[in-house]
Amino acid sequence: MKRMLFLALIVCLSGSIFSQEAMIGSLLSPNMPIDAIPKDLALPDRVLPTLEKEFNDSIGKRASFDVQFKIVVLITKITNVPSKKYDLLEKIVMWEVRSAQKTEQKLIAVSPDARVLAITELAKSKDPKYVDVLLAVVERDISVKPRIVAAKALANIGDSQLVVPKLVDLMRNQYGASRTKFKEEDTKRFDDDRVAQAIIETLGDIGDPRAFSVLLQTVMNPDRHRDDTVKAAWESMKKLKW
């Protein structure tokens, strides 16, 4: 294993297209555990085409989730400033959202854990152009973990003047008390309410008073939510900056 990793790093340093592909192939090998990727590994933007090809090739293949997670880990190791890595991260984050618009089939092609890591890395950019990407995930992704992480990331990216009204609308129209009574055995509704809690916590972290109405609606309709979501609404109301 150490020999494989050593050879991968040597070819990375040599800089040719062939050596880059060999390095990426070694790091993405099923025999290479994720924790064997050096924490201080620094990659250049020029590996992005190889990583994108590996990602595209992984779609629909057995054991693809492990490979996809490794791909995102390697993308996070790219150190160019500015970097084009965010374009590929956006593609990975939005894969299931865009696929859901094209088909009713609910098969997941891209690892939720890979998308969670990609969302986290996008949020680190602090670039407001990704606000709509994160909102689209919260609204339309078919997996709960990416929706929760995207909702929480919105507390630290973009202009709150734009973010808050859109989160408030999502609570009113999709995740809020306008829905039927909450039933814990309804797994979809349970997952949706976990997302509602994340949105509510983000509204509290931002502290914009425009969130008050949906927070009040949540606490006034406890039968529409989990107890944790109602409690989060109470706490978020206390954080509003009047």
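Just so it is clear, the model here is predicted, and its values are computed rather than measured. (Residues numbered from 1 in each chain as written. Predicted model: local features only at pLDDT ≥ 70, side-chain atom pairs only at ≥ 80, totals over all residues. Heavy atoms only, no water.)

A. Looking closely at the overall build of the protein chain. What the protein chain contains, in helices and strands, is 12 helices and zero strands. Ordered by position in the sequence, the α and β elements of the protein chain form the string α-α-α-α-α-α-α-α-α-α-α-α. Looking at the 242 residues of the protein chain, the share that counts as buried comes to 46%. When contacts within the protein chain are restricted to residue pairs at least 6 apart in sequence, those whose partners lie at least 24 apart make up 74%. With an accessible surface of roughly 12,700 Å², the protein chain has 55% of that area assigned to carbon and sulfur atoms. (Helix = DSSP H or I, 4+ residues; strand = E, 2+ residues; numbered from the N terminus. Buried < 20%, exposed > 50% of the residue type's maximum accessible area, 1.4 Å probe, protein only. Contact = heavy atoms within 4.5 Å. Areas by Shrake-Rupley, 256 points an atom, 1.4 Å probe, with all protein chains shown as cover.)

B. Highlighting a negative patch on the surface. Taken together, the side chains of E184, E185, D186 and D227 make up a negatively charged region of the molecular surface. Turning to its location among the elements, D186 is positioned in the loop between α9 (160-175) and α10 (187-206). With relative accessibility at 37%, the residue D186 sits in the partly exposed group. (Patch = residues over 30% accessible without salt bridge, like charges linked within 9 Å, V, L, I, M, F, W, Y side chains within 5 Å. Salt bridge = Lys/Arg side-chain N within 4 Å of Asp/Glu carboxyl O. Lys, Arg positive; Asp, Glu negative; His and termini not counted. Charge placed at Lys NZ, Arg CZ, Asp CG, Glu CD.)

C. Geometry of the pattern of salt bridges. Applying the stated criterion across every chain, the model contains 20 salt bridges. In this structure, D113 and K145 form a salt bridge, with 2.4 Å as the shortest nitrogen-oxygen distance. Placement of D113 in helix α6 (residues 112-124) and of K145 in helix α8 (residues 144-153) is noted, with a sequence separation of 32 residues between them. Among the residues examined, K145 registers a relative accessible area of 39% and is labelled partly exposed. D192 serves as the salt-bridge partner of K188, at 3.0 Å between the closest nitrogen and oxygen. Taken together, the positions of K188 and D192, both in helix α10 and four residues apart, correspond to about one turn of that helix. What makes K188 exposed here is its relative accessible area of 55%. Three or more residues joined by partner-sharing salt bridges are found here, namely R147, R179, K188 and D192.

D. Broad picture of the environment of M171. Mapped onto the fold, M171 is located in helix α9. You can call M171 buried: its relative accessible area is 1%. A C-alpha to C-alpha distance of 8.4 Å links M171 and I200, two positions 29 residues apart in sequence.

E. Inspection of unusual backbone geometry at higher detail. For the peptide bond that leads from V81 to P82, omega is -5°, which places it in the cis range. Position of P82 among the secondary structure elements: in the loop between α4 (64-76) and α5 (85-102). A positive phi angle is found at A63, which is not glycine, with a value near 60°. Summarising the element assignment, A63 is placed in the loop between α3 (48-58) and α4.

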